[in-house]
Amino acid sequence: MSKITKTPTGLRVPDAVTIPFITGDGIGKEISPVCRAVVDAAVKQAFKGNRSIEWLEVEAGQEAFKKRGSYLPDETVAAFKEYRVGLKGPLNTPAGRGVRSLNVALRQALDLYACVRPFRYFYGVYSPVKYPERIDITVFRENTEDVYAGIEWPFGSDNAAKFSKFLTEELQETKVRFPETAAFGVKPVSKEGTERLVRQAIQYALAHHRRSVTLVHNGNIMKYTEGAFCNWAYELAEREFGPYLSSGRLVVTGITCDAFLQNAISNPDEYSVIATLNLNGDYISDVLAAQVGGVGMAPSGNINYETGHGIFEVTHGVASDIEGKNVANPSSLILSAAMMLEHIGWNDAAKLIVTAMERVLRQGISTSDVAESQKHGKCVGTKEFGDALIAMMNPSSHFGTR
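About the criteria used
Residues numbered from 1 in each chain as written. Predicted model: local features only at pLDDT ≥ 70, side-chain atom pairs only at ≥ 80, totals over all residues. Heavy atoms only, no water. Phe/Tyr/Trp six-rings, centres within 6.5 Å; stacked < 30°, edge-to-face > 60°. Helix = DSSP H or I, 4+ residues; strand = E, 2+ residues; numbered from the N terminus. Buried < 20%, exposed > 50% of the residue type's maximum accessible area, 1.4 Å probe, protein only. Lys NZ or Arg CZ within 6 Å of the ring centre and 35° of its normal. Pairing = 2+ DSSP bridges. Axes fitted to C-alpha atoms, helices over the stretch in contact; angles between N-to-C directions.

Inspection of every chain in the model, using the stated rule, returns eight aromatic pairs. An angle of 40° between the planes, with centres 4.9 Å apart, marks the rings of W153 and F163 as tilted. Here the residue W153 occupies a position in strand β8 (residues 152-153), and F163 occupies one in helix α5 (residues 158-170), the gap between them amounting to 10 residues. Owing to a relative accessible area of 21%, W153 belongs among the partly exposed residues under this scheme. With a relative accessible area of 22%, F163 lands in the partly exposed category. With centroids separated by 5.3 Å and ring planes inclined at 65°, the aromatic side chains of F163 and F184 adopt a geometry described as edge-to-face. Remark: F184 occurs in strand β9 (residues 184-185) and F163 occurs in helix α5; sequence separation between them is 21 residues. Here a set of aromatic residues connected by ring pairs shows up, and it is made of W153, F163 and F184. The ring centre of F47 lies 4.4 Å from the NZ or CZ of R51, which sits over that ring. Here the basic side chain of R362 rests over the ring of Y123, its NZ or CZ set 4.4 Å away from the ring centre.

Turning to the sheet that holds strand β5 (residues 85-88), a few remarks are in order. Spatial ordering of the open sheet is given by β4-β3-β5-β14-β13-β6-β7-β12-β10-β11, a layout of 10 strands whose pairing is mixed. Every other strand in the sheet has two partners, leaving β4 (52-57) and β11 (251-256) as the edge strands with one partner each. If you compare each strand with its neighbour and ignore which way they point, the axes differ by 25° on average. As defined by bridge partners, strand β6 (residues 114-120) adjoins strand β13 (residues 299-303) across three bridges and the pair is classed as antiparallel.

In structure tokens form, the structure reads like this:
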């Protein structure tokens, strides 16, 4: 099996590369094989058979628990560490037992600190806003800190009582209204975590000829966490990217999260690249996804740019209610796989996938969740949608390029 390695200048990717993947729960069993077929066709077409992917299936979620008694086996984490880049379908974390979130556990195990989500509109997809084509925004969401770090204690626990006592007795904190009956969570925001995220957001903006990076925060209220995030980000931009700022090549600005969420609907074309904290990024991602057709059309990559590790995944859930019906939309996973190909430098294959998606959707060919809102849409199944994408990649495709 051929592994991706990290060099001082980037990733070294063999022509026949091994990529671990998790099929996923629910509709994962349907969208994952379709996605792999589309990726294989794009790689074959783009590189004339000189490059290929050897898919290595690893287990997580319900199936892993049935077979191994663990929702996230150590072997799965080890495979992603060893092979560096992977693909993941939707996973269901049962409430009340097991790890808090399988997705979060994987991100933390590999220190995948940047959740990168590009949002753009595909013609033919329903949007609740009037001009969805104005949206072309890439979000860099810090992935390992903030309240989503998972440092919290339930009401009535010993740790909650200890923390309450520490706040009231040691720190003389009086802002907790009902300390005897409170649950507690901690919001860590570090200078190092901020700088590595913002650095990558700025580098992405420069590499992709984007005009601005906007820091979205609530530093007006949370001055020592989100306010510090903003201050550290400005300091890093001046220190490491000063010439780009002084020349006007790039502008780094800030906005509070509530104001951004409003502007993202009314004036989305004011924004290009967003750098934000974990919780804000969750809200922002859903607002932008809704405008371009929902999470079923939104890709996602969780990346550590220093090590080169990356897991690319769907942004939606397991959708068990439609499992096995061949109606699930595989677009989120397919577009995430295109992001994966870009991450390893196989840009020609990634472009083939995105172009095929544009053309197929423009012709009204889509799964039921999209087709029902199209005036002249042709509803096809999950597998058939993948087949249409593959056919569109063929230069002699009868689908055309309308």
